[in-house]
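Examining the three-dimensional arrangement
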Amino acid sequence: MIYLDYAATTPVDPKVVTQMQSCLTLEGDFANPASKTYAFGMNAALRVDQARADIASMLNADPREIIFTSGATESNNLAIKGLAEFHAKNGQHIITSMTEHKAVLDSCLALEKRGFTVTYLRPEKDGRIALQVLKEAIRPDTILISIMYVNNETGVIQDIDAIANVAKQHGIYFHTDAAQSFAKLPIDVQQMPVDLISIASHKIYGPKGIGALYVRRKPRVRLVEQISGGKHEQGLRSGTLPTHQIVGMAEATKLMQEHAPGEQEQIALWRQLFLKSFSEVIGMHINEAPEHNLPNILSITFEHVDNEALMAGCPELAFSAGSACTSAAIAPSHVLAAIGLSNVQANNTVRISFGRFTRKQDVLTSAEMIKNEVARIRAMSPLWQV
Amino acid sequence: MDFYNKIITELYRHPTHAGELTGADVRSTSAGNPGQSDVVQLQIIVKNDNITQACFKAHGAMTTIAAAEYLCQQIQNKTIQKAANIGSQQIKIALDLPAHHLSSALLVTEAWQKLCQV
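If you're wondering where the values come from, they're calculated on a predicted model, not measured in any experiment. The residue numbering used here restarts from 1 in each chain and proceeds along that chain's sequence as written. Working convention: letters from A go to chains and numbers from 1 go to ligands, in the order in which they are written. In view of the model being predicted, local features appear only for residues whose pLDDT reaches at least 70, and side-chain atom pairs are presented and counted only at 80 or more, with totals across whole chains, interfaces and linings using the full set of residues.

Once that is clear, we can look at the packing of helix α4 (residues 88-95) of chain B against helix α5 (residues 102-117) of chain B. Residues and elements named next belong to chain B. Note on geometry: axes are C-alpha line fits, over the in-contact stretch for helices, and angles between N-to-C directions span 0 to 180 degrees. Starting at the N terminus, helices and strands are each numbered in turn, a helix being any DSSP run of H or I of at least four residues and a strand any DSSP run of E of at least two. Their axes nearest at 8 Å, the elements α4 and α5 cross at an angle of 135°. As far as their axial angle goes, α5 and α4 are oblique. Classified by chirality, the crossing of α5 by α4 is right-handed. Along its contact with α4, which presents Ser-88, Ile-91 and Lys-92, the element α5 presents Leu-102, Ala-105, Leu-106, Val-108 and Thr-109. Each residue gets one label: Ala, Val, Leu, Ile, Met, Phe, Trp, Tyr, Cys and Pro are nonpolar, Asp, Glu, Lys and Arg are charged, and the others, such as Gly, are polar. In the contact of α4 with α5, the residues fall into five nonpolar, two polar and one charged. Should an angle fall under 35 degrees it is taken as roughly parallel, and over 145 as roughly antiparallel, whereas 65 to 115 is taken as roughly perpendicular and any remaining angle as oblique. Should the near helix be turned anticlockwise from the far one by less than a right angle, the crossing is left-handed, and should it be turned clockwise, the crossing is right-handed. The contact criterion used here is simple: two residues whose C-beta atoms, placed from the backbone, lie within 7 Å are in contact.

Here it is in structure tokens:
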């Protein structure tokens, strides 16, 4: 099997596993980091403190600005619902985009049910939000703009620096979902006026079930907690801190720093090499914003090729459809629809994503397999004319 | 593990009736709306009342390809009279089709019924 779905999740780096294992058993730092009255707990708290500092340093942030959550989905919920609830008296309008992750869209829908109004910006054909379109959507009662850094289906990078500055000029809070970009693209919170950043561990070879929300302290961004309990994480997110998860996420972050920038360049080469195999193939389209795309995510539309059929025809490969599916029905991707693809085109789209453990032979083999299957499916189609 | 069951996957991956027949004695039909749904083309050659060759081309979901392959396997070497009653229900059961892909069985049956009239 060749794994080509690093945008969905990544395998945990063995070095991360080693660090995590040291926080689980009696001999290790297993204790509750909140139990600081004895050495076990203090040692666990020290591990959490160090991890918090390591993760903060990736954003050039103060460690106290990092709030641990169960992942980017929870971070998005806390950022959007938490901010909206706290600032509802100042305004009830939110701006986001049509191509956001479901965690952002669904949080916005939940707020609509509570009386908020949400503007969902349509991106340009290349998937990027035009600044002018954003500016025109701003109203006097707009309290929050939430735009993702990198799209999970296409890899398209938004100009969040410019968007953050527009938000700041208008006195509007700015949140970005950086689940796909964290530790791959730089964010310096001392330079960029972003207020809230959602990050995840499992996209960077860390464990699933842990993420964080960056919450700016100067000027302070106030939120209403979404999970009540023992007032952990400065009262913003209750629940015993999972030391092993947090330490794992920090180790994964440090490894990203160690591997960068060579790793990203290598992945960009794999993208080129993969696409080179398709130079003779007609009827294909790459859904991307050239010059503004994360190289590890490759969204390709093959005309006349059903994506489920393509996946089933390549049982040795693990890649995904461009569409999100549930067990009962397969719905066309909202992201691809927003950038102008028809339902048919969306059903002809696959997402291939490379990562740290992708080898040259994997790229060549998978390209060959996919190319052959595309040709086989087209040869069976009564509509395909060469 | 496959997303679809073994029967569908096997029919889809290794069809023996995919392709096109040519010649004056080929009976041909198709069903489906290009651009809006899956499309199936069925072809047969009948000699002495017997279907000596059956062939398909299919565009769309793998379940449609699998259903068309299954139908061709079932009708080949049968008389039209005997094969005419092969329909959606038989295809659905034989392939253990998921509910949201029932349209594949309906489409192939539509093409087959049209071909029986030719």
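The next thing to look at is helix α8 (residues 262-276) of chain A. A helix is expected to span 1.5 Å for every residue after the first. Counted at 1.5 Å a residue, the expected span for α8 of chain A with its 15 residues is 21 Å, and the 21 Å between its end C-alpha atoms agrees. Turning to α8 of chain A, the residues buried within the fold contact β10 (297-302) and α12 (360-380) of chain A.

Here we come to the pairing of strand β3 (residues 50-59) of chain B. Residue and element names in this part refer to chain B. Of the pairings in the sheet, the one linking strand β2 (residues 39-47) to β3 comprises nine bridges and is antiparallel in character. Of the residues in β3, the one forming a bridge with Val-40 is Ala-58. Count of turn residues in the β2/β3 antiparallel hairpin: two residues, of which Asn-48 carries a positive phi of about 50°. Any two strands with at least two DSSP bridges between them are considered paired.

With 13 residues of chain A at the interface, the matching set in chain B holds 20 residues. Per-element accounting of the side of chain A that touches chain B gives the leading share, three residues, to helix α9 (residues 307-312) of chain A. Among the residues forming the side of chain A that touches chain B, the class breakdown is eight nonpolar, three polar and two charged.

Note the cis peptide between Lys-218 of chain A and Pro-219 of chain A, where omega equals -5°. One non-glycine residue with positive phi stands out, namely Gln-234 of chain A, at about 55°. The residue Asn-77 of chain B is not glycine, and still its phi comes out positive at about 70°. Mapped onto the elements, Asn-77 of chain B comes out in the loop between α2 (62-75) and α3 (80-83).

All names here are of chain A. With respect to topology, seven strands assemble into an open sheet ordered β2-β8-β7-β6-β5-β3-β4, the strand pairing being mixed. The open sheet has two edge strands with one neighbour each: β2 (66-69) and β4 (117-121). For this sheet the average axis-to-axis angle between neighbouring strands, irrespective of direction, equals 20°. Set on the sheet, helix α3 (residues 72-87) makes contact with β2, β3 (93-97), β5 (142-146), β6 (173-177), β7 (196-200) and β8 (211-215); between it and β7 the angle comes to about 160°.

The next subject is the nonpolar core. Here a nonpolar core is just a set of buried residues of the types Ala, Val, Leu, Ile, Met, Phe, Trp, Tyr and Cys, joined wherever their C-beta atoms sit within 7 Å. In this scheme the burial state of a residue depends on its C-beta neighbours within 10 Å: 20 or more other such atoms mean buried, 12 or fewer mean exposed, and anything in between means partly exposed; the C-beta positions come from the backbone. Of all hydrophobic cores here, the largest spans 138 residues; its most connected members are Tyr-214 and Leu-310 of chain A together with Val-40, Leu-71 and Val-108 of chain B. The biggest single contributor to this core is α2 of chain B, with nine residues. Sequence-distant contacts of Val-108 of chain B, defined by excluding residues within four places in its chain, comprise Val-40, Thr-64, Ala-67, Ala-68, Leu-71 and Ile-91 of chain B. With five residues, the next largest nonpolar core counts Leu-336, Ile-339, Leu-341 and Ala-346 of chain A among its residues.

Turning our eyes to something else, we now look at the pairing of β6 of chain A. Residues and elements named next belong to chain A. With respect to burial, β6 is a largely interior element, five of its five residues being buried. The two faces of β6 match: Tyr-173, His-175 and Asp-177 on one face and Phe-174 and Thr-176 on the other face are all buried. On the question of chirality, the crossover connecting β5 to the parallel β6 by way of helix α6 (residues 160-169) is right-handed. Examined bridge by bridge, β6 and β7 share three bridges and lie parallel to one another. Considered in β7, the bridge of His-175 is made with Leu-196. Seen with its strands pointing away from the viewer, a crossover is right-handed if its path from the first strand over the helix to the second goes clockwise.

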